[in-house]
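Spelled out from the first residue to the last, the chains are:
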Amino acid sequence: MEKTLILLKPDTIQRSLSGKIISRFENKGFKIIGMKLMKVSRTLAETHYSEHKGKPFFEDLVSFITSSPIIAIVLESENVISIARNMMGATNPIDALPGTIRGDFGISVEYNIIHGSDSETSAKREISLFFNKEEIIEHSKSIQKWITGD
Ligand code: IDP
Ligand code: MG
């Protein structure tokens with residue numbers, strides 16, 4: 001089953017919006033199979049965001065994500081990567097539609113609330129950066145058949 005890494009960024013925790021955002025994913029029917037509050041180290045931040053190394057916003061991005069705790073979550077569902085990205089909305093809240101997470105809660109591209117993996121390759125890489133195998137807890141839910149027929 002497809003998995004994705006979601007990070008509730010420091011602004012979300014500081015603004016006490018975590019519950020609202022986690023609720024959206026639960027209401028959608030995604031299964032949470034990993035979740036923890038953590039402080040991101042500089043090394044982890046630089047590795048996670050390595051595709052952006054050299055861009056003008058890289059240093060600010062690393063400083064921001066390490067500035068205060070985040071909540072890291074692994075969601076599981078068929079098509080969870082694309083569906084979660086659609087729920088997040090565009091990277092810049094200027095372009096994010098109302099009804100999306102960034103559209104409803106964000107104003108600044110730097111303080112844009114949430115991270116979500118953008119492909120299966122990224123998801124595998126990012127989940128293994130943030131979680132040990134023992135922290136991923138696969139489980140079944142009887143309601144699943146009423147969400148996806150599985
Ligand atoms: P994504 O988070 O929607 O996948 P990416 O392009 O992967 O967007 O960028 C990673 C993060 O870097 C964004 O979520 C945003 O916080 C930050 N970022 C992206 N572009 C800019 C920019 O032009 N200025 C400042 N920060 C940016
Ligand atoms: Mg990205």
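Here's what I pulled together on the structure shown here.

The rules behind each value
- Residues numbered from 1 in each chain as written.
- Chains lettered and ligands numbered in written order.
- Predicted model: local features only at pLDDT ≥ 70, side-chain atom pairs only at ≥ 80, totals over all residues.
- Heavy atoms only, no water.
- Helix = DSSP H or I, 4+ residues; strand = E, 2+ residues; numbered from the N terminus.
- Rg over C-alpha atoms; globule rule 2.2 N^0.38 Å.
- Buried < 20%, exposed > 50% of the residue type's maximum accessible area, 1.4 Å probe, protein only.
- Contact = heavy atoms within 4.5 Å.
- Lys, Arg positive; Asp, Glu negative; His and termini not counted.
- Charge placed at Lys NZ, Arg CZ, Asp CG, Glu CD.
- 1 Å grid on protein atoms, 1.4 Å probe; cavity = no way out; pocket = protein on both sides within 12 Å on 5 of 7 lines; lining within 4 Å.
- Points joined across faces, edges and corners; volume = space filled by probe spheres on them.
- Nonpolar A, V, L, I, M, F, W, Y, C, P; charged D, E, K, R; others polar.

Observations concerning the overall build of the chain
In terms of regular secondary structure, the chain is built from 7 helices and 4 strands. From first element to last, N terminus to C terminus, the chain shows the α and β order β-α-α-β-α-α-β-α-α-β-α. Here the C-alpha radius of gyration of the chain, 15 Å, is about what a compact globule of 150 residues would show, namely 15 Å. Seen through its C-alpha atoms, the chain measures out along the principal axes to roughly 45 × 35 × 25 Å. Per-residue burial for the chain yields a buried fraction of 45% across its 150 residues. Taking contacts inside the chain between residues at least 6 apart in sequence as the whole, the part at least 24 apart equals 77%. When the 19 basic and 19 acidic side-chain charges of the chain are each reduced to a single mean position, those positions are 2 Å apart.

Comments concerning unusual backbone geometry
Only a minority of non-glycine residues have a phi that is not negative, and only a minority of peptide bonds are not trans. Not every positive phi belongs to a glycine, and Asn-79 is a case in point at roughly 60°. Along the polypeptide, Asn-79 turns up in the loop between β3 (70-76) and α5 (80-88).

A word on the layout of surface pockets
Computed from the structure, the largest pocket encloses a volume of approximately 460 Å³. Of all the secondary-structure elements, those providing two or more residues to the lining of the largest pocket are α4 (58-65), α5, β4 (114-116) and α7 (120-130). Grouping the constituent residues of the lining of the largest pocket by class yields 8 nonpolar, 7 polar and 8 charged. If you add up the space inside the second largest pocket, you get close to 170 Å³. Looking at the second largest pocket, the residues that line it are Met-1, Glu-2, Lys-3, Ile-81, Glu-120, Ala-123, Lys-124, Ile-127 and Ile-136. Considering each element in turn, the lining of the second largest pocket owes the most residues, 4 residues, to α7.

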